[in-house]
Amino acid sequence: MDEVIQVTQWLSSITPRKKAKLFFFTTHADAPSPMVGSNDVDTHEETQLPLATTVALHNFKNIDEFLKKKVNTFSCYNVIENEITKTDYEYLRFYSACKYLDVVPPFLDLEKISAIQNKFEMTDEERDYRLLLDSADLVLEKVCDSLKPAGVSQMWTALRKDRNLIRGVKTIDIIGFFVDPNPTGIKECLFFFIVRFLQKADKINRVNTNRLERLIAQCDESSSCEEGKTIDSIIDSLRFYPTELYPFGFCLIMCVIEGRDGAMQEIEKTMEISRHLGMITHTEKNPTKETIELVKKELMKPKYQFYSSFTCWFMSHGDGNSMVLADGETIEREWFLTSFPDISTFQLKPKVFFMVSCRGANKFSLKGDEFEGQSATCDYYDIGSALIRNRMLDITDSVRDISYVQPMMDTLVAYSTILDHLSGRANTHGSIYVDRACVLMSENISRGRSLTEILEHLSQDLHEILQETMDEDRIVYKQACHYDSFFRKTLKLPYTRHPKEDVHSAPQ
């Protein structure tokens, strides 16, 4: 059959809502640039004009033309063996979006996709189409699905009132002030236009969504929310790190085995819980400084930008400032922690470090300790929130910026013990901290708990356990863990996901 006829038949089989979503996923806002075969031209018309004209004219002609152009480009594309090009990214994004929406063209060359995945050095686990979907776009899709056409129309009206933001933008004028978002697919096109416009204007990204939340907050709840949804619940969904679908993220496990009883048990437990959480896992036994440098170099490869999060377990002996490696050399804990968050492939994504080692020799010994009850009182003042807000600074958009980010932002470091203290171990099972952390994470999957909630529970649980030193003194002591957080959103534990299972149900 002629290819033109095939493409026409394929497009005619896709609903308007799915066309809008396919366009949105395919014009991913954070596509890497510059790349081989790309330039720094403004893609404003390519990503926003088709949406604007579709909303204004109530027809999908320009989106159809965009999708036809994509298909024709991929059909003529020759996969270069070594260089990763912009088209490689676009091909993978397009394929994953089609797969997610259940609209894969029957004529799409899957061998080319496999060849591109080879260029990215993807393992069998990483060839799951769900890895290639951008989780932030999936969250935005759910927000759109939670809003009625009237809700998106109210967002548009609120956006149009911000004259400083929209001044001189031609696509805004194409749509006009008053919009009828009720025809099928128009609501989606208008919402996705608003999102891409705010992203291009550097007002929102995958972490900073305040500007979008403020637009939603101006909607009238009775007319704007789908059944079972509220304005608060929709806004709350934007306040979590986007980690939709499989995999939850990439997990690196580094464990020094030499001289550490139970170390293999630590590896087994952390591997089991990371896979149970739906992570793709890599393990390094007996790491050296050279190993760490090689791992950092590996994580800078382009394929890791598809991951939604990064988790690292580092288990070894240590003291207040350092960790002992397999060859007896030491590395500064601070150096380790500051070198990984700066890796560009995980920028604006949650990075969690579990640092499991002693940080000194002190013990919170119970022998001979006397506990005296203490109480404290303080005065409370009932000050209305409106009064407080009236006395606060008026922070305008002109003094806000989301373009520059401190490297440690979106990082959480969990320590198995506090500074200068021991981190307890069991002869056969290894670190007690690792054991309890894995148990609590396993128990709380599917309960909607956040990682910090689990860590707070872990702090309580671990501090209840009486431990005993393994030397001849047999001192009974307690261990206290803690964490330092630079998170800007909440990281929720995922539901159980298995790589071999297709948990996707195609959106409408």
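Residues numbered from 1 in each chain as written. Predicted model: local features only at pLDDT ≥ 70, side-chain atom pairs only at ≥ 80, totals over all residues. Heavy atoms only, no water.

**Student:** Now, about the UniProt feature "domain: Caspase family p10" (unreviewed entry) in the protein chain: what can you tell me, with residues and values included?
**Tutor:** UniProt's entry tags residues 410-443 with the feature "domain: Caspase family p10" (unreviewed entry), counted in the numbering of this structure. Across residues 410-443, the secondary structure splits into 35% helix and 26% strand, with the terminal C-alpha atoms separated by 25 Å. (UniProt positions renumbered as here; feature names shortened; annotations may be inferred. Helix = DSSP H or I, 4+ residues; strand = E, 2+ residues; numbered from the N terminus.)

**Student:** So what's going on with the pattern of salt bridges? Residues and values would help.
**Tutor:** Under the defined criterion, the tally for this structure stands at 26 salt bridges. For Arg260, the salt bridge goes to Glu266, with nearest N and O atoms at 3.0 Å. The same class applies to Arg260 and to Glu266, which are both buried. Via salt bridges that share partners, Arg17, Lys21, Glu141, Asp145, Lys187 and Glu188 belong to a single interconnected network. (Salt bridge = Lys/Arg side-chain N within 4 Å of Asp/Glu carboxyl O. Buried < 20%, exposed > 50% of the residue type's maximum accessible area, 1.4 Å probe, protein only.)

**Student:** I'd like a rundown of the environment of Asn164, residues and numbers included.
**Tutor:** For Asn164, the location among the structural elements is in helix 10 (residues 163-166). C-alpha of Asn164 to C-alpha of Ser398: the two residues are 234 residues apart in sequence and 9.6 Å apart in space. Polar contacts involving the side chain of Asn164 include one to the side chain of Arg167, which spans 3.4 Å. (Polar contact = N/O pair within 3.5 Å; in protein donor to acceptor, adjacent residues only side chain to side chain.)

**Student:** Tell me about the environment of Lys19, and please be specific about residues and values.
**Tutor:** Following the sequence through the fold, Lys19 ends up in helix 2 (residues 16-26). Here the alpha-carbon distance between Lys19 and Leu101, two residues 82 residues apart in the chain, equals 9.3 Å. One polar contact links Lys19 to Asp64, side chain to side chain, over a distance of 3.0 Å.

**Student:** Lay out unusual backbone geometry in plain terms, naming residues and giving numbers.
**Tutor:** Its identity is not glycine, yet His58 carries a phi of approximately 60°, on the positive side. Inspection of the secondary structure puts His58 in the loop between helix 3 (44-57) and helix 4 (61-76). Judged by relative accessible area, His58 falls into the partly exposed class, the value being 35%. The phi dihedral of Asn286 falls on the positive side, at around 50°, and the residue is not glycine. If you trace the backbone, Asn286 turns up in the loop between strand 2 (279-285) and helix 17 (289-299). Classification of Asn286 by relative accessible area gives partly exposed; the value is 23%.

**Student:** Mind laying out the nonpolar core, listing which residues take part and the relevant values?
**Tutor:** By size, the foremost hydrophobic cluster in this structure holds 103 residues, and its most contacted members are Trp10, Phe191, Phe336 and Phe340. In terms of residues, this core owes the most to one element, helix 12 (residues 186-200), which gives 10 residues. A domain split of this core shows at least three residues from each of domain 1 (1-28 + 44-239) and domain 2 (249-363 + 406-486). Other than its neighbours up to four places away in sequence, Phe191 contacts Leu140, Val143, Cys144, Leu147, Val152 and Met155. One finds Ile273, Leu348, Phe354 and Ile432 within the second-largest nonpolar core, a separate group that totals 37 residues. (Core = buried A, V, L, I, M, F, W, Y, C linked by side-chain atoms within 4.5 Å. Domains from an automatic or database assignment. Contact = heavy atoms within 4.5 Å.)

**Student:** Talk me through the packing of aromatic side chains; I want residue IDs and the actual numbers.
**Tutor:** Applying the stated criterion across every chain, the model contains 29 aromatic pairs. Between the aromatic rings of Tyr241 and Phe487, the centroid separation amounts to 5.1 Å while the plane-to-plane angle is 70°, which identifies the pairing as edge-to-face. Within this pair, whereas Tyr241 is found in the loop between helix 15 (231-237) and strand 1 (249-255), its partner Phe487 is found in the segment after strand 13 (482-485), the two being separated by 246 residues in sequence. Accessibility assignment for this pair places Tyr241 and Phe487 in one class, buried. Judged by centre distance (6.3 Å) and plane angle (85°), the ring pair of Phe336 and Phe353 falls under edge-to-face. One end of the pair, Phe336, is in helix 18 (residues 333-339); the other, Phe353, is in strand 6 (residues 351-356), and 17 residues separate them in sequence. (Phe/Tyr/Trp six-rings, centres within 6.5 Å; stacked < 30°, edge-to-face > 60°.)

**Student:** Hey, could you go over the packing of helix 5 (residues 86-101) against helix 6 (residues 110-119) for me, with residue numbers and the actual values?
**Tutor:** In the contact formed by helix 5 and helix 6, the axes pass within 10 Å of each other and the chain directions differ by 125°. Classed by the angle they form, the pair helix 5 and helix 6 counts as oblique. By crossing handedness, the relation of helix 5 to helix 6 is classed as left-handed. Side by side, helix 5 and helix 6 meet where Asp88, Tyr91, Leu92 and Tyr95 of the first sit next to Leu110, Lys112, Ile113, Ile116, Gln117 and Lys119 of the second. Residues belonging to the contact of helix 5 with helix 6 are distributed by class as follows: six nonpolar, one polar and three charged. (Axes fitted to C-alpha atoms, helices over the stretch in contact; angles between N-to-C directions. Parallel < 35°, antiparallel > 145°, perpendicular 65-115°, else oblique. Left-handed = near helix turned anticlockwise from the far one by under 90°. Nonpolar A, V, L, I, M, F, W, Y, C, P; charged D, E, K, R; others polar.)

**Student:** Hey, could you go over the sheet that holds strand 13 for me, with residue numbers and the actual values?
**Tutor:** Across the sheet, which stays open at both edges, the six strands sit in the order 2-1-3-6-8-13 with mixed pairing between neighbours. The sheet is open, and its two borders are formed by strand 2 and strand 13, each paired with just one other strand. On average, each strand axis in the sheet is tilted by 15° relative to the strand beside it, whichever way the strands run. For strand 1 and strand 2, the ladder comprises seven bridges, and the chain directions are parallel. Of the residues in strand 2, the one forming a bridge with Leu252 is His282. The strands touched by helix 17 within the sheet are strand 1, strand 2 and strand 3 (310-315), with strand 1 carrying the most contacts at an inclination of about 175°. (Pairing = 2+ DSSP bridges.)

**Student:** Which residues make up the packing of helix 2 against helix 8 (residues 135-146), and what are the values?
**Tutor:** Contact geometry for helix 2 and helix 8: axes closest at 11 Å, N-to-C directions at 150°. Viewed along their axes, helix 2 and helix 8 adopt a mutual orientation that is roughly antiparallel. Like other packed secondary-structure pairs, helix 2 and helix 8 cross with a definite hand, here right-handed. Contacts between helix 2 and helix 8 pair Arg17, Lys21, Phe24 and Phe25 from the former with Asp137, Leu138, Leu140, Glu141 and Asp145 from the latter. Split into classes, the residues belonging to the contact of helix 2 with helix 8 amount to four nonpolar, no polar and five charged.

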